[in-house]
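So the chains spell out like this:
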Amino acid sequence: MSMAEAWEITEDEGIVTQAYPRREVKRKLKAIIEVEGLSKHYPPDLKAVDGVSLSIKPGQVFSILGPNGAGKTTAVEILEGLREPTSGKATIFGIDISHDYGKIRKRVGILPQNFEPFENLTPVEALEYWAHLFNMTKTSKDIDALLESVGLGSKKKAMGGKMSGGEKRKLGIAMALINDPELLFLDEPTTGLDPKARRDLWALIQGIKKKGTTVVLTTHYLDEAEKLSDDVAIMNKGKVVARGTPDELIGRYGKETLIVLVGVGQSAVDELARRSIVSHRENGNVVVPVSNPKELRTMFAKLSSIQVEFKDMYTRRQTLEDVFLNLVGQKMDEGVLRG
Ligand code: ATP
């Protein structure tokens, strides 16, 4: 049975899973998180979260994508039971978060933003301490297995303060997994990490999903959301401005195909403009958007005949980065809006 099929609810007792097989099962639950009109206002007039409605399916990686200050952390911290909403409603596992968060908390794991481990504890000691705080009994075999599963098998005895950024985040994820949660919140897990450490964490997150855990990920990395997510909500200024799978979003908001002219600059953009061809610069190349795929051949022919000395020419489909630019009108770079 998949995790999605395992979520079930009784009329009087809330959710049951396979862990509670004797409870009477009445109907299946379609969403692990339901959010309706959720808002958080800060005085005098900041709407950090402004009427957000979402439904998150079990077994998926759901990404909340947006620039700094979009309201991602505020929204997620409300769902983590750490902040009170100003208005709106949210349920997790079918349980209203404002009524009985205690029942939810033991089934949820959290990696907070900017997580830093205890400087003077090794990963083994940190996990033993964490298990103790949660009133859980973990054998050293359990702890070794958990550290192995996040890729910290060889760092069991390293000091928290001496670990690399990626290792620290992996330890944070191991701590979040201590109670074998059914739902895991990861708040910007890869911010500030180098590309290799980011990729390692992506593989770890994909592995966690494969085991059936639902992951809610906040990020301002568009490539990360595109690579990992089954479903994405793009947030800006407290609101969800777009919602769908990465493919749906690209299909809906990124309709153009792009012809990339490699190794040319502004003079090429000017030369093309003289011939009424719209283009823009992007990472040392020049990009020509073509909205109708049927016009690609003609455009290729035109570009080949123009005196522009490019090193190579290829097409690429639009990415979530383009979708974001089309929707918000600005690019996002490390969470900062530019342009
Ligand atoms: P980042 O990517 O930088 O973490 P975010 O999308 O997670 O950004 P939030 O941290 O949720 O954004 O912040 C949303 C807005 O709410 C910001 O303008 C922030 O300054 C504001 N804010 C957050 N917490 C408080 C608070 N306790 N009091 C007042 N304003 C707050």
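Residues numbered from 1 in each chain as written. Predicted model: local features only at pLDDT ≥ 70, side-chain atom pairs only at ≥ 80, totals over all residues.

J.: Explain the overall build of the chain here, please?
T.: On a plain count of helices and strands, the chain comes out with twelve helices and 19 strands. Viewed in the frame of its principal axes, the chain has a C-alpha envelope of about 70 × 50 × 45 Å. Every one of the 339 residues in the chain was classed for burial, and the buried ones make up 37%. Contacts in the chain between residues at least 24 apart in sequence constitute 66% of all its contacts with a sequence separation of at least 6. (Helix = DSSP H or I, 4+ residues; strand = E, 2+ residues; numbered from the N terminus. Buried ≥ 20, exposed ≤ 12 C-beta atoms within 10 Å, placed from the backbone. Contact = placed C-beta atoms within 7 Å.)

J.: Mind showing me how you'd approach the site of the ligand here?
T.: Lining the immediate surroundings of the ligand are 14 residues, of which Ala48, Asn68, Lys72, Thr73 and Thr74 lie closest. If you list the elements that add at least two residues to the shell around the ligand, you get β5 (46-56) and α2 (72-79). Tallying contributions element by element places α2 first for the shell around the ligand, with three residues. Residues that form the shell around the ligand fall into these classes: four nonpolar, nine polar and one charged. (Near = placed C-beta within 6 Å. Nonpolar A, V, L, I, M, F, W, Y, C, P; charged D, E, K, R; others polar.)

J.: In this structure, what is going on with the sheet that holds strand β15 (residues 280-282)? I would like to understand it.
T.: The strands that make up a sheet are held in pairs by hydrogen bonds between backbone atoms, and each pair lies either parallel or antiparallel. Across the sheet, which stays open at both edges, the four strands sit in the order β15-β16-β14-β17 with antiparallel pairing between neighbours. Both edges of this open sheet fall to β15 and β17 (312-317), since each of them pairs with a single strand only. Each adjacent strand pair in this sheet contributes to an overall mean axis angle of 35°, direction not counted. As paired strands, strand β14 (residues 257-262) and strand β16 (residues 285-290) are joined by five bridges and run antiparallel to one another. In the strand pairing of β16, Leu258 is matched with Pro289. (Pairing = 2+ DSSP bridges. Axes fitted to C-alpha atoms, helices over the stretch in contact; angles between N-to-C directions.)

J.: I would appreciate a short explanation of the pairing of strand β10 (residues 183-187) in the present structure.
T.: Looking along a regular strand, one sees the side chains alternate between the two faces of the sheet. For β10, the buried fraction is high: five of the five residues fall into the buried class. With burial as the criterion, each face of β10 is covered, one bearing Leu183, Phe185 and Asp187 and the other bearing Leu184 and Leu186. Of the pairings in the sheet, the one linking strand β9 (residues 108-111) to β10 comprises four bridges and is parallel in character. Bridging across to β10, Leu111 finds its partner in Leu186. Of the pairings in the sheet, the one linking β10 to strand β11 (residues 214-219) comprises five bridges and is parallel in character. Paired with Asp187 across the strands is Thr218, a residue of β11. Between the parallel elements β10 and β11, the chain passes through helix α7 (residues 195-210) in a crossover that is right-handed. (Right-handed = clockwise from strand over helix to strand, strands pointing away.)

J.: Just checking my understanding: could you explain the pairing of strand β13 (residues 239-244) for this structure?
T.: Relative to β13, strand β12 (residues 231-236) runs antiparallel, the two being bridged by five bridges. Bridging across to β13, Asn236 finds its partner in Lys239. In this structure, the hairpin formed by β12 and β13 is closed by a connection of two residues, where Lys237 is found at a positive phi of approximately 50°.

J.: Is there a simple way to explain the nonpolar core in this structure?
T.: In this structure, Ile92 and Ala174 are the most contacted members of the largest nonpolar core, which totals 67 residues. Other than its neighbours up to four places away in sequence, Ala174 contacts Pro123, Leu127, Leu146, Leu147, Val150 and Leu152. Membership of the second largest hydrophobic core comes to nine residues, among which are Leu258, Ile259, Ala268 and Leu303. (Core = buried A, V, L, I, M, F, W, Y, C linked by C-beta atoms within 7 Å.)

J.: So what exactly am I meant to see when it comes to helix α4 (residues 123-133) here?
T.: For an α-helix, 3.6 residues make a turn, and residues three or four places apart therefore share a direction. Buried within α4 are the following residues: Pro123, Ala126, Leu127 and Trp130. Seen end-on, α4 carries its buried residues on one side only, within an arc spanning 95°. Tucked into the core, α4 has its buried residues touching α5 (140-149) and α6 (165-176). Downstream of α4 by a residue or two, Asn135 has a phi angle that is positive, lying close to 60°. (Arc of directions from axis to C-beta.)

J.: What is the right way to look at the sheet that holds β11 in this model?
T.: Judged by pairing direction, the sheet is mixed, and its six strands sit side by side in the order β9-β10-β11-β6-β12-β13 without closing on themselves. Strand pairing shows two members of the sheet lacking a second neighbour, β9 and β13, which therefore form its edges. With strand direction ignored, the average angle separating the axes of adjacent strands in the sheet is 15°. Pairing of strand β6 (residues 61-65) with β11, which is carried by five bridges, proceeds in the parallel orientation. The residue bridging Phe62 from the neighbouring strand is Val216, located in β11. Against the sheet, α6 makes contact with β9 and β10, and its axis sits at roughly 160° relative to β9, the strand it touches most. Here α7 sits on the sheet and contacts β6, β10 and β11; the angle it forms with β11, its principal contact strand, is near 150°.

J.: Looking at this structure, how should I read the packing of α6 against α7?
T.: To describe two helices that pack against each other, one gives the angle between their axes and the distance between the axes. Two elements in contact, α6 and α7, have axes whose closest approach is 9 Å; the angle formed by their N-to-C orientations is 20°. Here α7 runs roughly parallel to α6, going by the angle between their axes. Regarding α6 and α7, the two cross each other, and that crossing is right-handed. Counting all contacts with α6, which are made through Gly165, Gly166, Arg169, Lys170 and Ile173, the residues of α7 involved are Ala197, Asp200, Leu201 and Leu204. Residues of the contact of α6 with α7, tallied by class, amount to four nonpolar, two polar and three charged. (Parallel < 35°, antiparallel > 145°, perpendicular 65-115°, else oblique. Left-handed = near helix turned anticlockwise from the far one by under 90°.)

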